[in-house]
Amino acid sequence: MTAPRVVVLDYGSGNLHSATRALAAAGANVELTADADAALTADGLVVPGVGAFAACMDGLVGVGGPEIIRARLAAGAPVLGICVGHQVLFDLGVEHGARAAGVGVLPGVVEQLDASPLPHMGWNTVSPPSDTAMFAGVEGERFYFVHSFGVHATSGWPADARITWAEHGGDRFIAGVEQGPLWSTQFHPEKSGAAGGRLLRNWVATLPPA
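Before going into details, it helps to say that this report is about the structure given with it.

Parameters and conventions
Residues numbered from 1 in each chain as written. Predicted model: local features only at pLDDT ≥ 70, side-chain atom pairs only at ≥ 80, totals over all residues. Heavy atoms only, no water. Helix = DSSP H or I, 4+ residues; strand = E, 2+ residues; numbered from the N terminus. Rg over C-alpha atoms; globule rule 2.2 N^0.38 Å. Buried < 20%, exposed > 50% of the residue type's maximum accessible area, 1.4 Å probe, protein only. Contact = heavy atoms within 4.5 Å. Areas by Shrake-Rupley, 256 points an atom, 1.4 Å probe, with all protein chains shown as cover. Lys, Arg positive; Asp, Glu negative; His and termini not counted. Charge placed at Lys NZ, Arg CZ, Asp CG, Glu CD. Salt bridge = Lys/Arg side-chain N within 4 Å of Asp/Glu carboxyl O. Pairing = 2+ DSSP bridges.

### Here's the deal with the overall build of the protein
Summing up its helical and strand segments, the protein has six helices and 13 strands in all. For a compact globule of 210 residues, the expected C-alpha radius of gyration is about 17 Å, and the protein comes in at 16 Å, within 12% of that figure. Dimensions of the protein along its principal axes, counting C-alpha atoms only, are 45 × 35 × 35 Å. Evaluated residue by residue, the protein yields a buried proportion of 54% over its 210 residues. A separation of at least 24 residues holds for 67% of the contacts in the protein among residues at least 6 apart in sequence. Just so you have it, the protein exposes about 8,500 Å², and 51% of that area is on carbon and sulfur atoms. Between the centroid of the 11 positive side chains of the protein and the centroid of its 19 negative side chains there is a distance of 5 Å.

Shown next as structure tokens:
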């Protein structure tokens, strides 16, 4: 069987090479590109991201990323968002008083965590739902986080959405989303050792073969 073809969207932000290596180790045939046709037709699309929400959105818009993501999801084609690539999928980001529109395929506002210290940096456990596919085999493991912002509420979500939570300094936030063809993580699976590798293999296993 041919390995599924995965595009890591190169829009000027993100843990690009570490994500590319980790996905290849998970069994994917990986291409790092900003080409819209490749991103639209790949078996799986990964949206990475580090840094500020607004800057990531500017870069994403520059390569037609929001349209690519929406078109893939409308067609049932898998998308995986990582860190700020997870955050930009939501409706809105608010950082230091500045508001920036997100891709809007998930309902919610990305805002500063009400916790100390910030950033939330290091290993943390997560609380996935019982029917998770993303965390199959690693439900009790720790994953690597680096962020100061997150999403707290889940109002307006469809019934089939599966939400994974984490907590830092007493503040509970969304750590992962599984909603049809869309998976996303606030943490970095590509920096999360064996547990992150298993999660990426779980995602690659959902992709149709090339």
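### What to know about the pattern of salt bridges
Tallied over the entire structure, the rule returns one salt bridge. For Glu178, the salt bridge is made with Arg162, and the minimal N-O distance between the two is 4.0 Å. Separated by 16 residues along the polypeptide, Glu178 in strand 12 (residues 171-179) and Arg162 in strand 11 (residues 162-168) bring together distant segments of the chain.

### A short note on the pairing of strand 11
The element strand 11 is largely enclosed, with a buried count of five among its seven residues. Relative to strand 12, strand 11 runs antiparallel, the two sharing seven bridges. Considered in strand 12, the bridge of Ala166 is made with Phe173. Linking strand 11 back to strand 12 in an antiparallel pair, the connection comprises two residues, with Gly169 at a positive phi of about 60°.

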